[in-house]
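Residue strings, one per chain:
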Amino acid sequence: MSSILLPLLQKLKEIVRGTEQVGLTEAEGKLLRLPTGDGGALVFRNNPEAPVLCAMEIAQALKSHPQLRVRMGIHSGPVNEVTDLNEQANVAGAGINMAQRGMDCGDAGHILLSKHVADDLEQYPRWRPCLHEIGDCEVKHGVRLSLTNLYTDEVGNRQLPSKLARGVKQRRWKMAIIGGTLFAIAFCLAFFIVHRITTNGGGALSSILEKSVAVLPFENLSDDKANAYFADGIQDEILTKLASVADLKVISRTSTAKYKSKPEDLKTVSQQLGVANVVEGTVQRAVDKVRVNVQLIDARADAHLWAKTYDRDVKDVFAVESEVSQEIADALQAKLSPKEANNLATAPTRDPEAYDLFLKGEYEQHAAESSLKGDGFDQASALYEQAIARDPNFALAIARRVESRSKRNHWGDSLSETQLGEVKEAAEHAITLAPDLAETHLGLGLFYYYGIFQYDRALTEFQRALALQPNNVRALTYLANIHLRQGQWERSLSEFKKCEELDPRDPAIPDSIGGCYLHLRMWEEAKRAGLHSLALDPRNVGGMHIVFFSCLNGTGDIKEATRILRTFPPETGSWGYIPGGYIAIINLGAFLSVVDRDYGAAFKAFDSESSNPTANRLRLSARAVIYVLAGDAADAQPETEKARDLVESKLREQPDDPDSMIQLSWINLALKRDAEALRLARQATELVPLEKDALAGAFCLAAYAEIQARAGQPAEAVKTLQRLLSHPCWSSRVHPAPEDRSGLGPNSKRSGISRTPRWQGTDRT
């Protein structure tokens, strides 16, 4: 190879290695990279979109390196991994051949897709504008390939390939990517990207990997049923250890928790979870003794692969978890790196009592994550703290307490600056104790994300966690949510779909996908995602909200949307995908009453005082909003003054809380303090601009438009809405606010509201 070519080839390889898709897929253990003389080959074994996204990333990076004239091609098909005469890994098969031949048809800058890949992408509306059929190209042995040119305004080559235009055969550098199947070629550089498809004996496509496993809930056989936390904890620790093995696909706990410990129909479980194998187990604890029975089963054939019973002292339970994990990995013939083998053998603590307290904390934490109630996180945090008191070097307990406190800050009352400082200090200490433990990086990342909203620093920690534990669906979900907040919609959607592979029974993931589609104003796609979520859990509020909003936004038919919402349970209005603006303050139950001009019913939803100060503050804020909407604020001055005192007190504690600013803006409207209402609403938009947070920024901007409309600035409100609608957001139909706010009592038949939907997505991870 010439001395001129070597530096160019090295630069191309650096660009490829630097793409996010290569990093993520390699972390999952589902990428094969091979040299091909004057280039290289990539074989993706995960999401069919991954190679296409990789090609787009490469093309974007190549814009800064005009000396690299690269062409790319993408194909999806069968690929066989083989060992060559030098005992080096290699690949062969139709997938590789077709990828290279398609690549050979292009010129520098082209991203050419085979018909198979183009047909797959055609199913996704976001890809359709990028697909441009260019006809057939004759390749080796007279074979004709039907090709599609992939390009956007930013990347790709929109010109017809010269081979199709003139039939002239030219030598170029090659680059092929095989995985969703991508090829790229420039001058003499070759790189293949292929999406590997496997087949079963009958030749039908099979998406189930042999080395895939779901650890089902372990049955508690102890006489004391309160030991359920102990059985759950052992199952969870075995699952976590296996999740660190890159050569395995391990299903998330959220999905496996949907099943009994020993389901009758394992074949259905295999299909629903997309795994070949399941682990079943029982735990029986008596005083200081424990019996753990575990079996590994090929779920497709309902055939036992391995089984063992462990009778140990409770203090030796760590060894049982490590041995079980190792036995399962061996039975599945998983390749373990030295670090992965060490992870399987490592105990989180040597103190059995500290571990018992930790497992109790885990039990409470899982319950809190289901209910999203602040006191649940407090209970979990207290148990973690007791475990840490017994073993100050218990890094896993410290990391989980950090995570619990960060979620408490996000879902409950916000923590004080002092408390947040303590959380950060603990997170950094956990990483010092265990820098190679995924959970420590997850904890610090969540502090940056939920605690102080530093998204780039959070991304770094979540990416590190995913590299350490490739099956960690929580880290991948947090990455997807942050990319959503950064306005990287396509990347976020791709990551959420990867989450579905590892957590196929968690309704929160199609919720998130639906929320993303709502922001993109892809109403039908959002509705399908919401219905998928409801198919997994018919009482899932997030799915109900998505179906409701996709109808309301997509058609503007309030009557039909109201009919849909009334088919859902009463608690539907309590949480989930609640829109921004006033609807976020009064919730959907009262919103329906407001739409019907039944203000009495709307007030009734907030009649009862609460002993909880936070609940009472929110109740009075909601009533102030309804008074404004009803045009009856003058009759409620004493109550509204009380609401103002409570919210102002909250703002003194947390002066940068945009939610409180918007609540106080409505309260000021009720008190006829329009200038102050406008100032606070504007301050919220400055605190969380769209450029900083595509979700919360849209929420604040929508709220500001509503305040402007009711504070006598309708023209300015329209300008704000025009800016809002130039970005992805949930609004689709805009109705003007009333110009006259007088004479609209609770029983008025005239509209006292603006029907502008304002939506804010909710990260429910």
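Position numbers for residues start from 1 in each chain and track the written sequence from start to end. Two thresholds apply to this predicted model, a pLDDT of at least 70 for residue-level local features and 80 or more for giving and counting side-chain atom pairs, whereas whole-chain, interface and lining totals are computed over all residues. Values reported for side chains reflect all heavy atoms of the structure, with hydrogen atoms and water molecules removed beforehand.

Q: I'm lost on the overall build of the protein in this one. Help?
A: In DSSP terms, a helix is any run of H or I states spanning at least four residues, a strand is any run of E spanning at least two, and both are numbered starting from the N terminus. Counting its secondary structure elements, the protein contains 31 helices and 19 strands. Relative accessibility decides the category of a residue: with a 1.4 Å probe and only protein chains considered, values under 20% of the type maximum give buried, values over 50% give exposed, and everything between is partly exposed. Counting only residues that meet the buried cut, the protein has 58% of its 765 residues in that class. Note on definitions: a residue-residue contact is assigned when non-hydrogen atoms from the two residues lie within 4.5 Å. Taking the intrachain contacts of the protein between residues at least 6 apart in sequence as the baseline, contacts between residues at least 24 apart amount to 64%. Accessibility throughout is a Shrake-Rupley quantity obtained with a 1.4 Å probe, and a residue counts as covered only by protein chains that appear here. About 31,100 Å² of surface is accessible on the protein, with carbon and sulfur atoms providing 49% of the total.

Q: Help me understand the packing of helix α16 (residues 438-451) against helix α18 (residues 473-485), please; the structure alone is not making it clear to me.
A: To characterise two packed helices, one gives the angle between the axes of the helices and the distance between these axes. In the contact formed by α16 and α18, the axes pass within 11 Å of each other and the chain directions differ by 25°. As judged from the angle between their axes, α16 and α18 are roughly parallel. The way α16 lies across α18 gives a crossing that is left-handed. Each of Glu439, Leu442, Leu446, Tyr449 and Tyr450 in α16 lies in contact with α18, whose residues at this interface are Arg474, Ala475, Tyr478, Asn481, Ile482 and Arg485. Here the residues of the contact of α16 with α18 sort into seven nonpolar, one polar and three charged. Where helices are involved, their axes are fitted lines through C-alpha atoms of the stretch in contact, as for all axes, and angles between N-to-C directions lie from 0 to 180°. What sets the label is the angle itself: under 35 degrees gives roughly parallel, over 145 gives roughly antiparallel, 65 to 115 gives roughly perpendicular, and the rest give oblique. In a left-handed crossing the near helix is turned counterclockwise from the far helix by less than a right angle, and in a right-handed crossing that turn is clockwise. Following the grouping adopted for this structure description, the nonpolar residues are Ala, Val, Leu, Ile, Met, Phe, Trp, Tyr, Cys and Pro, the charged ones are Asp, Glu, Lys and Arg, and the polar ones are all others, Gly among them.

Q: Looking at this structure, how should I read helix α20 (residues 508-519)?
A: Multiplying one less than the number of residues by 1.5 Å gives the expected span of a helix. Taking 1.5 Å per residue as the helical rise, α20 with its 12 residues ought to reach 16 Å, and the 17 Å between its terminal C-alpha atoms agrees with that figure. Burial analysis of α20 places 12 of its 12 residues in the buried class, the great majority of the element. Of all the residues in α20, the buried ones are Ala508, Ile509, Pro510, Asp511, Ser512, Ile513, Gly514, Gly515, Cys516, Tyr517, Leu518 and His519. Where α20 is buried, its residues contact α18, α19 (489-502), α21 (523-536) and α22 (541-555).

Q: Sorry if this is basic, but what is going on with the nonpolar core here?
A: In summary, soluble globular proteins display a tendency toward joint burial of nonpolar side chains. Side-chain atoms within 4.5 Å link the members of a nonpolar core, which is a set of buried Ala, Val, Leu, Ile, Met, Phe, Trp, Tyr and Cys residues. Judged by nonpolar contacts, the single largest core of 157 residues is most densely connected at Phe218, Ile586 and Trp666. If you tally residues by element for this core, the top one is helix α24 (residues 582-595), at 10 residues. Among all residues touching tryptophan 666, those that are not within four sequence positions of it are Tyr582, Ile585, Val625, Val628, Leu629, Glu706, Ile707 and Arg710. By size, the runner-up hydrophobic cluster in this structure holds 30 residues, among which are Ile15, Val22, Cys130 and Leu131.

Q: Please explain the packing of aromatic side chains as it appears in this structure.
A: Geometry of an aromatic ring pair is reported as the spacing of the ring centres plus the angle between the planes. In summary, the pairing rule links any two rings of Phe, Tyr or Trp, Trp by its six-membered ring, whose centres are within 6.5 Å, and it sorts them by plane angle into stacked for under 30 degrees, edge-to-face for over 60 and tilted for everything else. Summed over all chains, the structure comprises 14 aromatic pairs. Ring centres of phenylalanine 462 and tyrosine 478 lie 4.9 Å apart, and the angle between their planes is 25°; this geometry places the pair in the stacked category. With phenylalanine 462 in helix α17 (residues 455-468) and tyrosine 478 in helix α18, the pair connects residues that are 16 residues apart, well separated along the chain. Among the aromatic residues, those joined into a ring-pair cluster are Phe318, Tyr355, Phe358, Tyr384 and Phe394.

Q: Whenever I open this one, the confidence of the model for the protein confuses me. Can you help?
A: Residues shown with low pLDDT carry predicted positions that ought not to be read at fine detail. Averaged over all residues, the pLDDT of the protein is 82; the fraction at 70 or higher stands at 82%. Residue-level confidence of the predictor is what pLDDT reports, using numbers from 0 through 100. Of all the helices and strands in the protein, strand β10 (residues 182-186) carries the lowest mean pLDDT, 34, while α16 carries the highest, 96. Within the model, pLDDT remains below 50 along residues 168-190, and this stretch shows 178 contacts once partners closer than five positions in the same chain are excluded. Residue range residues 732-762 is modelled with pLDDT below 50. Its contacts to residues more than four positions away, or to other chains, number 107 contacts.

Q: Is there a simple way to explain the pairing of strand β19 (residues 303-313) in this structure?
A: The two faces of the sheet receive side chains in turn, since in a regular strand these alternate between them. For two strands to be treated as a pair, DSSP must find at least two bridges joining them. With 10 bridges joining them, strand β18 (residues 289-298) and β19 adopt antiparallel strand pairing. Bridging across to β19, valine 292 finds its partner in tyrosine 310. Two successive antiparallel strands, β18 and β19, enclose a turn made up of four residues, where aspartate 302 displays a positive phi of approximately 55°.

Q: In this structure, what is going on with the environment of histidine 116? I would like to understand it.
A: Position of histidine 116 relative to the elements: it lies in helix α5 (residues 115-122). Spatially, the C-alpha atom of histidine 116 lies 6.9 Å from that of histidine 75, the residues being 41 residues apart in sequence.

Q: When you look at the side chain of glutamate 439 in this model, what are you seeing that I'm missing?
A: Following the sequence through the fold, glutamate 439 ends up in helix α16. Contact partners of glutamate 439, with chain neighbours within four places excluded, come to Thr240, Leu396, Ala399, Gln469 and Arg474.

Q: Looking at this model, I keep getting lost on the pairing of strand β3 (residues 72-77). Mind explaining?
A: Burial analysis of β3 places six of its six residues in the buried class, which makes it a mostly covered element. Judged by which residues are buried, β3 turns out to be covered on both faces: Met72, Ile74 and Ser76 on one side and Gly73, His75 and Gly77 on the other are all buried. Two elements, β3 and strand β6 (residues 111-114), share three bridges in a ladder whose sense is parallel. If you follow isoleucine 74 over to β6, its bridge partner there is leucine 113.

Q: Before we go on, may I ask you to explain the pattern of salt bridges in this structure?
A: Close approach of charged atoms allows side chains with opposite charge to pair. When a carboxyl oxygen of Asp or Glu lies within 4 Å of a side-chain nitrogen of Lys or Arg, that pair is called a salt bridge. Counted by the stated rule, this structure contains 39 salt bridges. Put simply, arginine 623 and aspartate 607 hold a salt bridge, and the shortest N to O gap is 2.9 Å. You can see arginine 623 sitting in helix α26 (residues 613-630) and its partner aspartate 607 sitting in the loop between α25 (599-604) and α26, a full 16 residues away along the chain. The class for arginine 623 is buried, based on a relative accessible area of 9%. Between arginine 644 and glutamate 641 there is a salt bridge, with its nearest N and O atoms 2.9 Å apart.

Q: How should the environment of serine 261 be read in this particular structure?
A: Looking at where serine 261 falls in the secondary structure, it is placed in the loop between α8 (253-256) and α9 (266-273). Serine 261 sits 41 residues away from asparagine 220 along the chain, and the two C-alpha atoms are 9.1 Å apart. Ignoring anything within four residues of it in the chain, the contact list for serine 261 reads Leu216, Pro217, Phe218, Glu219, Glu280 and Gly281.

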